[in-house]
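What follows is the residue order along each chain.
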Amino acid sequence: MTCRLNYLAFCLVALMAAPAWAGADPVFSDTGPDAGLYGAADGYPAGPRIAPVPQGFMVGHYSHFDDKYPSRIAARADTPSAWRRADEELTLEYTFKGVTYGLNDYLSRHPATGFLIAHGDTILFEHYQYARTDQDRFLSQSMAKTLVAMLLGIAVQEGAIASIDQPAADYVPALAGTEYGKTPIRALLHMASGVAFHEVYDAPGDNGRLNLMLFGRYNPGPAQAVSMFNTREAPPDTRFNYAGVETEVLGLVVTAAVKMPLTEYLRARIWQKMGAEADAAWTIDTTGQETAFCCVNAVLRDWARIGMMLANDGAWNGDQIVPAQWVRDATTPQSEFQKPGVATRYFGYGYQVWLFPGPGRRFALLGVHGQAVLVDPVSKLVLVHTAVRMKASQDPAALELRALWEALVGKVGG
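Cut-offs applied
Residues numbered from 1 in each chain as written. Predicted model: local features only at pLDDT ≥ 70, side-chain atom pairs only at ≥ 80, totals over all residues. Heavy atoms only, no water. Helix = DSSP H or I, 4+ residues; strand = E, 2+ residues; numbered from the N terminus. Rg over C-alpha atoms; globule rule 2.2 N^0.38 Å. Buried < 20%, exposed > 50% of the residue type's maximum accessible area, 1.4 Å probe, protein only. Contact = heavy atoms within 4.5 Å. Areas by Shrake-Rupley, 256 points an atom, 1.4 Å probe, with all protein chains shown as cover. Pairing = 2+ DSSP bridges. Salt bridge = Lys/Arg side-chain N within 4 Å of Asp/Glu carboxyl O. Phe/Tyr/Trp six-rings, centres within 6.5 Å; stacked < 30°, edge-to-face > 60°. Core = buried A, V, L, I, M, F, W, Y, C linked by side-chain atoms within 4.5 Å. Disulfide = S-S within 2.5 Å. pLDDT = per-residue confidence, 0-100. Expected span 1.5 Å × (residues − 1).

Asker: Honestly, the overall build of the protein chain in this entry has me stumped. Any pointers?
Answerer: Of the regular secondary structure elements, the protein chain holds 14 helices and 17 strands. In summary, the protein chain has a C-alpha radius of gyration of 21 Å against a globular reference of 22 Å for 414 residues, a match within 12%. Across its three principal directions, the C-alpha atoms of the protein chain cover 65 × 45 × 45 Å. Across the 414 residues that make up the protein chain, the buried fraction comes to 57%. Considering only residue pairs separated by 6 or more positions, the protein chain has 66% of its internal contacts joining residues 24 or more positions apart. Of the roughly 16,200 Å² of accessible surface on the protein chain, a fraction of 54% belongs to carbon and sulfur atoms.

See the structure below:
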């Protein structure tokens with residue numbers, strides 16, 4: 001185990017509490033695959049605010065994003081909910097392209113910054129690479145979208161939102177007369193507004209235009225920014241089209257309905273109740289509005305708490321945090337176009353959450369460059385994976401992680 005100076009106190013406490021680090025305690029490494037290319041010699045710097053982020057800055061960027069961009073804090077719970085630890089660290093074999101690997105093989109071959117597997121309330125495996133620790137907050141990318149959907153479900157239960165069949169403009173008057181304003185909240189949850197929006201990561205796209213507006217000097221305001229995408233291509237709730245702008249609209253709806261910033265609502269309704277052990281940080285645009293489609297920063301074990309809360313249909317730490325029926329609806333396809341193999345070649349899509357194919361109900365929070373929380377409600381299995389893959393999407397590494405996950409569910413969940 002590597003103890004960096006800023007982490008020495010934690011290491012000493014742990015060493016006094018047990019004769020040695022063993023079992024499923026956290027494992028830390030100062031290196032990782034291609035560590036030199038990721039900036040090891042310079043201490044993995046976060047770099048300046050530039051896009052795309054060069055490889056030498058990616059590790060620091062993805063674990064210090066909230067130091068680079070203004071953020072709002074969701075404070076940790078006074079008493080964190082407890083995790084148990086397995087007496088022995090999980091061993092697992094999986095097969096990918098005809099070759100059998102283990103968990104350590106995966107880590108030696110893929111740029112994961114953090115990797116955690118939990119079963120119920122017990123951590124089975126927790127590793128960090130590239131000098132990251134369990135004190136680092138890792139960037140969600142689009143995993144934040146699922147949090148927005150869960151906050152919206154809470155707002156419905158509390159009566160702040162009367163119905164998800166209402167149009168967005170009922171809560172955001174600045175969207176009145178626009179195509180997004182006319183779109184029912186339900187269709188936005190499904191990424192099925194029917195409004196034209198082209199999201200790409202390896203070329204200029206509408207998502208890049210939206211980011212430039214929200215973080216630029218002349219930000220017209222988020223409602224005005226999303227209103228610039230105003231061409232309807234299909235009726236609402238008839239066609240899946242992944243578009244971060246839809247989550248931005250949902251964030252505006254929740255903010256207006258509950259009359260508080262998204263981060264404060266996250267703190268009061270989820271972060272405190274689930275017993276988060278560390279503060280979370282949610283990035284805000286130049287007007288002070290949270291970027292709903294992105295950029296929640298949290299430690300790995302709190303991402304695992306989110307996953308396990310969802311595995312328990314919204315319950316965790318002795319509290320029903322998100323309405324159980326909402327979680328079940330969110331993670332079950334309700335229309336043909338949402339089903340796995342129809343929405344995409346592999347995944348389906350629920351309420352801002354990806355749905356695995358197969359007979360059971362399994363789902364995932366996903367973000368570009370390898371961020372993932374994989375959830376199996378039946379076996380209460382959660383896998384948290386933060387990474388700095390060079391490809392934003394369509395990376396073959398994602399296929400290997402799926403193979404690992406299927407083997408994990410088969411071994412532990414079976």
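Asker: Looking at this model, I keep getting lost on unusual backbone geometry. Mind explaining?
Answerer: Note: most residues except glycine have negative phi, and most peptide bonds are trans. A cis amide bond links Ala-51 with the next residue in sequence, Pro-52, at an omega value of -5 degrees. Residue placement: Pro-52 occurs in the loop between strand 1 (27-28) and helix 2 (55-63). With a phi close to 50 degrees, Lys-97 is a non-glycine residue in the positive phi region. Tracing the backbone through its elements, the reader meets Lys-97 in the loop between strand 4 (93-96) and strand 5 (99-102).

Asker: How should I be thinking about the pairing of strand 15 (residues 363-367) in this particular structure?
Answerer: Residues in a regular strand project their side chains so that they alternate between the two faces of the sheet. Most of strand 15 is tucked away: four of the five residues are buried. Two elements, strand 14 (residues 354-355) and strand 15, share two bridges in a ladder whose sense is antiparallel. Following the sheet pairing, Leu-355 is matched in strand 15 by Phe-363. In this structure, strand 15 lies alongside strand 16 (residues 371-376), joined through five bridges in antiparallel fashion. The partner of Leu-365 across the bridge, within strand 16, is Val-373. As consecutive antiparallel partners, strand 15 and strand 16 are separated by three residues, and within that stretch His-369 has a phi angle of approximately 65 degrees, a positive value.

Asker: Which parts of the structure should I look at to understand the pattern of salt bridges?
Answerer: Side chains that differ in charge, positive against negative, can pair when their charged atoms come close. In the structure shown here, the tally under the stated rule is 23 salt bridges. Several salt bridges share partner residues, and in doing so they unite Asp-25, Arg-85, Glu-126, Asp-134, Glu-277, Arg-301, Asp-302 and Arg-305 into one network.

Asker: Hey, could you run me through the packing of aromatic side chains in this one?
Answerer: Between two aromatic rings, the relevant description is the distance of the centres plus the angle of the planes. Using the criterion set out here, one finds 22 aromatic pairs in the structure. Ring centres of Tyr-128 and Phe-138 lie 6.4 Å apart, and the angle between their planes is 20 degrees; this geometry places the pair in the stacked category. Residue Tyr-128 is found in strand 7 (residues 122-128), and its partner Phe-138 is found in strand 8 (residues 138-139); the two are separated by ten residues along the sequence. In this structure Tyr-128 comes out as buried when scored by relative accessible area, which is 2%.

Asker: Explain helix 11 (residues 262-271) here, please?
Answerer: Structural remark: α-helix, 3.6 residues per turn; residues separated by three or four positions point the same way. With seven of ten residues buried, helix 11 is to be regarded as a mostly interior element. Residues Leu-262, Thr-263, Tyr-265, Leu-266, Ala-268, Ile-270 and Trp-271 constitute the buried set of helix 11. On its buried side, helix 11 packs onto strand 2 (71-74), helix 5 (144-157), helix 10 (244-258), strand 9 (280-283), strand 10 (296-298) and helix 12 (300-311).

Asker: Whenever I open this one, the nonpolar core confuses me. Can you help?
Answerer: Side chains of a nonpolar character, in soluble globular proteins, are inclined to be buried together. Residues Ile-270 and Trp-271 are the most contacted members of the largest nonpolar core, which totals 99 residues. A per-element tally of this core places helix 5 first, with nine residues. Ignoring anything within four residues of it in the chain, the contact list for Ile-270 reads Met-150, Leu-151, Ile-154, Tyr-265, Ile-306, Met-309, Ile-321 and Val-322. If you look at the next biggest cluster of nonpolar residues, it comprises 36 residues, including Ala-112, Ile-117, Met-191 and Leu-374.

Asker: What is the right way to read the sheet that holds strand 2 from this model?
Answerer: Two strands in a sheet stick together by hydrogen bonds in their backbones, pointing the same way (parallel) or opposite ways (antiparallel). Pairing is antiparallel in the open sheet, where four strands are placed in the order 2-9-10-8. Every interior strand has two partners, whereas the edge strands, strand 2 and strand 8, have only one. Sheet topology note: the strand 2/strand 9 ladder contains four bridges and is antiparallel. The partner of Ala-74 across the bridge, within strand 9, is Ala-280.

Asker: Looking at this structure, I do not really get the side chain of His-110. What am I missing?
Answerer: Within the secondary structure, His-110 is located in the loop between helix 4 (103-109) and strand 6 (112-119). The exposure class assigned to His-110 is buried, which follows from its relative accessible area of 11%. The residues contacting His-110, other than those within four sequence positions of it, are Pro-33, Gln-129, Ala-397 and Glu-400.

Asker: Got a minute to help me understand the state of the cysteines in this structure?
Answerer: Disulfides are covalent bonds that connect the sulfur atoms of two cysteines. Inspection of every chain in the model, using the stated rule, returns one disulfide. There is a disulfide in this structure between Cys-294 and Cys-295, and the S-S distance comes to 2.1 Å. Taking the sign of the torsion about the S-S bond as the criterion, the disulfide between Cys-294 and Cys-295, at about 75 degrees, is right-handed. Judged on exposure class, the residue Cys-294 and its partner Cys-295 are both buried.

Asker: Looking at this model, I keep getting lost on the confidence of the model for the protein chain. Mind explaining?
Answerer: As a general rule, the predicted coordinates of low-pLDDT regions are not to be interpreted in detail. Of the residues in the protein chain, 95% reach a pLDDT of 70 or more, and the chain-wide mean stands at 94. Note on residues 1-21: pLDDT under 50 across the span, and 21 contacts to partners over four residues away in sequence or across chains.

Asker: Could you clarify how one ought to interpret helix 12 in this entry?
Answerer: With twelve residues, helix 12 should cover 16 Å at 1.5 Å per step; its first-to-last C-alpha distance of 16 Å lies within 8% of that length. Burial analysis of helix 12 places twelve of its twelve residues in the buried class, the great majority of the element. For helix 12, the full list of buried residues reads Leu-300, Arg-301, Asp-302, Trp-303, Ala-304, Arg-305, Ile-306, Gly-307, Met-308, Met-309, Leu-310 and Ala-311. Two residues or fewer past helix 12, Asp-313 is found with a positive phi of approximately 50 degrees.

Asker: Help me understand the pairing of strand 4 in this model?
Answerer: Judged by which residues are buried, strand 4 turns out to be one-sided: Tyr-94 and Phe-96 face inward and are buried, whereas Glu-93 and Thr-95, on the alternate face, are not. Here strand 4 pairs with strand 5 via four bridges, running antiparallel. Residue pairing across strands places Phe-96 opposite Val-99, the latter belonging to strand 5.

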